[in-house]
Amino acid sequence: MLANAAVTTMLPVIDMDRARGFYEGRLGLVPGGLRPDGKFVYRVGGSTLALFPKPEGTKAEHTAISFQVDDIAATIGVLKKAGVVFEDYDFPDFKTVNHVCVLGSEKAAWFKDPEGNYLCLHEDVAPT
């Protein structure tokens, strides 16, 4: 029933101007505009990202968005130059090297937006 429905990711933000500065200035997203209900939207690939004001913010401890990229190392390099700070992890079964963790058939790297939302880059790895 929903297999062909468009998807919108909703992200709560405390400070809309600060969040927009990050998504536009650091990630390079093209603004789609403010909606009458207060959401600010971006088209990302074939999907929509909507930032909505939430004064108390959110405390999600999971990845809110994962952007699929063709070359994770190159994308990390570009984003770092734009001021994005990547997370690093060192657990027995989960370790990043140069900000990247290999998880089965994909590579992944995480960073936070200024609102505390966890964002991810992921690159599919060809099966060996």
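Everything here concerns the structure above.
Predicted, not measured: the structure shown is a model, and the values here were computed from it. (Residues numbered from 1 in each chain as written. Predicted model: local features only at pLDDT ≥ 70, side-chain atom pairs only at ≥ 80, totals over all residues. Heavy atoms only, no water.)

Caption draft 1: Local environment of the sheet that holds strand β10 (residues 118-124). Spatial strand order, β5-β10-β9-β8: four strands in an open sheet with mixed pairing. With one partner strand each, in any of the chains shown, β5 (63-68) and β8 (101-103) form the two edges of the open sheet. Each adjacent strand pair in this sheet contributes to an overall mean axis angle of 35 degrees, direction not counted. Strand direction decides the pairing type here: strand β9 (residues 106-112) and β10, joined by seven bridges, are antiparallel. Each bridged residue has a counterpart across the sheet, and for A108 the counterpart in β10 is H122. Helix-sheet contacts for helix α2 (residues 72-81) involve β9 and β10, and the interaxial angle to β10 is about 145 degrees. (Pairing = 2+ DSSP bridges. Helix = DSSP H or I, 4+ residues; strand = E, 2+ residues; numbered from the N terminus. Axes fitted to C-alpha atoms, helices over the stretch in contact; angles between N-to-C directions. Contact = heavy atoms within 4.5 Å.)

Caption draft 2: View of the environment of L29. Along the chain, the position of L29 falls in the loop between α1 (16-26) and β2 (31-34). A relative accessible area of 13% means that L29 is categorised as buried. (Buried < 20%, exposed > 50% of the residue type's maximum accessible area, 1.4 Å probe, protein only.)

Caption draft 3: The arrangement of the packing of aromatic side chains in detail. A full pass over the atoms with the stated rule returns nine aromatic pairs. An aromatic cluster is defined as three or more aromatic residues linked by ring pairs; in this entry it consists of F22, Y23, F40, Y42, F86 and F111. Over the ring of F40 we find R20, and its NZ or CZ is 3.7 Å from the ring centre. (Phe/Tyr/Trp six-rings, centres within 6.5 Å; stacked < 30°, edge-to-face > 60°. Lys NZ or Arg CZ within 6 Å of the ring centre and 35° of its normal.)

Caption draft 4: Focus on the side chain of N117. Examined against the element boundaries, N117 turns out to sit in the loop between β9 and β10. Among the residues examined, N117 registers a relative accessible area of 4% and is labelled buried. Among the polar contacts made by the side chain of N117, one reaches the main-chain carbonyl oxygen of P12 at a distance of 3.3 Å. Sequence-distant contacts of N117, defined by excluding residues within four places in its chain, comprise L11, P12, T58, F111 and K112. (Polar contact = N/O pair within 3.5 Å; in protein donor to acceptor, adjacent residues only side chain to side chain.)

Caption draft 5: Structural context of the nonpolar core. In terms of nonpolar packing, the biggest core is built from 25 residues, with Y23, L27, L51 and L121 touching the most fellow members. Breaking this core down by element, the ones donating at least two residues are β1 (8-13), α1, β3 (40-44), β4 (47-53), β5, α2, β9 and β10. Broken down by element, the residue count for this core peaks at four residues, all from α1. Core analysis: the second largest hydrophobic core is formed by six residues, Y89, A108, Y118 and C120 among them. (Core = buried A, V, L, I, M, F, W, Y, C linked by side-chain atoms within 4.5 Å.)

Caption draft 6: Structural view of the sheet that holds β3. Strand order in the open sheet formed by four strands is β1-β4-β3-β2, with mixed pairing between adjacent strands. Of all the strands in the sheet, just β1 and β2 have a single pairing partner and so form its edges. Strand-to-strand twist across the sheet, computed as the mean angle between neighbouring axes with direction ignored, equals 20 degrees. Sheet topology note: the β2/β3 ladder contains three bridges and is antiparallel. Residue pairing in the sheet places L34 in a bridge with F40 of β3. Docked against the sheet, α1 engages β1, β2, β3 and β4, running at close to 155 degrees with respect to β4.

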